[in-house]
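Residue-level listing of the chains:
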Amino acid sequence: MEEILDLINRTTVLLMAREVSKRFKNKNIAEIVIRQEKKTLLNWKIEQLLEIFEPERILLSSDSTDYLDIGLDYKISLHLRDKDLVESGSFADNLRAVAKLAKTECVLYANGPCNPLIGPRLIREFLENIEEHDLDNGTFAVENIKGHLLYQDAWLNFEPGDNHLGSESLKNP
């Protein structure tokens, strides 16, 4: 338990939330009902991360000032990303640019608001199972989750792949 707390204290979590989505407009600020409470996917993801990390260990990077305003309410670290990089750079380019801002030894990419299925339990399990030699490069990601979420009577697909193609026609997982 001490080891995981030490790793958490040496880690900055990167939460990448871009404004534009071709398939699901405004997905990060779409309201959903969680335990009979309305919240956005972005609020939900930030709250999940706050169950593990201190606010100063969470870095929300976005090209949207509206998204950053949501992060401001939680007193997490904020970064306004260059729209040109967001629109023309690869995800890896964006991630590298933001990771340079981390002031900690390790950086964790937290799958963004568009994948709320990776919550506190899975993040803890992931951190507990990182091999010591894997900490050497200091960057890791929790991204091996698959699943679905019901939104406005339609199933959203969180299968990894080519921009989550196919979820528009998904009837029921």
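Everything below is about the structure printed above this text.
None of the values given here were measured: they were computed from a predicted structure.

**Q** Help me understand the overall build of the protein chain in this model?
**A** Helix and strand counts for the protein chain stand at six helices and nine strands. Across the protein chain, contacts joining residues at least 24 apart in sequence account for 61% of those joining residues at least 6 apart. Of the roughly 10,300 Å² that the protein chain leaves accessible, carbon and sulfur atoms contribute 47%.

**Q** Would you mind going over the pattern of salt bridges with me for this structure?
**A** A side chain of one charge can pair with a side chain of the opposite charge when the charged atoms of the two come close. Summed over all chains, the structure comprises eight salt bridges. Between Arg10 and Asp6 there is a salt bridge, and its shortest N-O distance comes to 3.3 Å. When its relative accessible area of 23% is taken as the criterion, Arg10 is described as partly exposed. The partly exposed category is assigned to Asp6, whose relative accessible area is 42%. Ionic pairing is found between Lys39 and Glu47, a salt bridge with its closest N-O pair at 2.5 Å. With relative accessibility at 12%, the residue Lys39 sits in the buried group. A single network of salt bridges, built from pairs that share partners, joins Asp6, Arg10 and Glu105.

**Q** What am I meant to see in the nonpolar core here?
**A** One recurring pattern in soluble globular proteins is that nonpolar side chains are buried together. The biggest cluster of nonpolar side chains holds 24 residues, and the ones touching the most others in it are Leu42, Ile46, Leu49, Phe53, Leu60, Ile123 and Leu127. Where this core is concerned, the elements lending two or more residues are α1 (2-9), β1 (11-17), α2 (41-50), β4 (58-62), α3 (65-73), β6 (106-110) and α6 (120-128). Contacts of Leu49, omitting those with residues within four sequence positions, involve Val13, Leu15, Ile58, Ala110 and Ile123. Of all hydrophobic cores here, the second largest spans eight residues; its members include Leu14, Ala102, Val107 and Tyr109.

**Q** It is not clear to me how the environment of Phe91 should be interpreted in this structure. Could you clarify?
**A** Structurally, Phe91 is set in helix α5 (residues 91-99). For the pair formed by Phe91 and Met16, sequence separation is 75 residues and the distance between their alpha carbons is 9.5 Å. In contact with Phe91, other than residues within four places in its own chain, are Met16 and Tyr109.

**Q** How do you make sense of the packing of α2 against α3 when you look at a structure like this?
**A** In a packed pair of helices, the relevant descriptors are the angle between the two axes and the axis-to-axis distance. For the pair α2 and α3, interaxial distance at closest approach is 10 Å and the crossing angle is 40°. You can see that α2 and α3 cross each other, and the crossing is right-handed. The residues of α3 that touch α2, namely those facing Leu42, Asn43 and Ile46, are Tyr67, Ile70 and Gly71. For the contact of α2 with α3, the per-class residue count stands at four nonpolar, two polar and no charged.

Each value, and the rule that gives it
Residues numbered from 1 in each chain as written. Predicted model: local features only at pLDDT ≥ 70, side-chain atom pairs only at ≥ 80, totals over all residues. Heavy atoms only, no water. Helix = DSSP H or I, 4+ residues; strand = E, 2+ residues; numbered from the N terminus. Contact = heavy atoms within 4.5 Å. Areas by Shrake-Rupley, 256 points an atom, 1.4 Å probe, with all protein chains shown as cover. Salt bridge = Lys/Arg side-chain N within 4 Å of Asp/Glu carboxyl O. Buried < 20%, exposed > 50% of the residue type's maximum accessible area, 1.4 Å probe, protein only. Core = buried A, V, L, I, M, F, W, Y, C linked by side-chain atoms within 4.5 Å. Axes fitted to C-alpha atoms, helices over the stretch in contact; angles between N-to-C directions. Left-handed = near helix turned anticlockwise from the far one by under 90°. Nonpolar A, V, L, I, M, F, W, Y, C, P; charged D, E, K, R; others polar.

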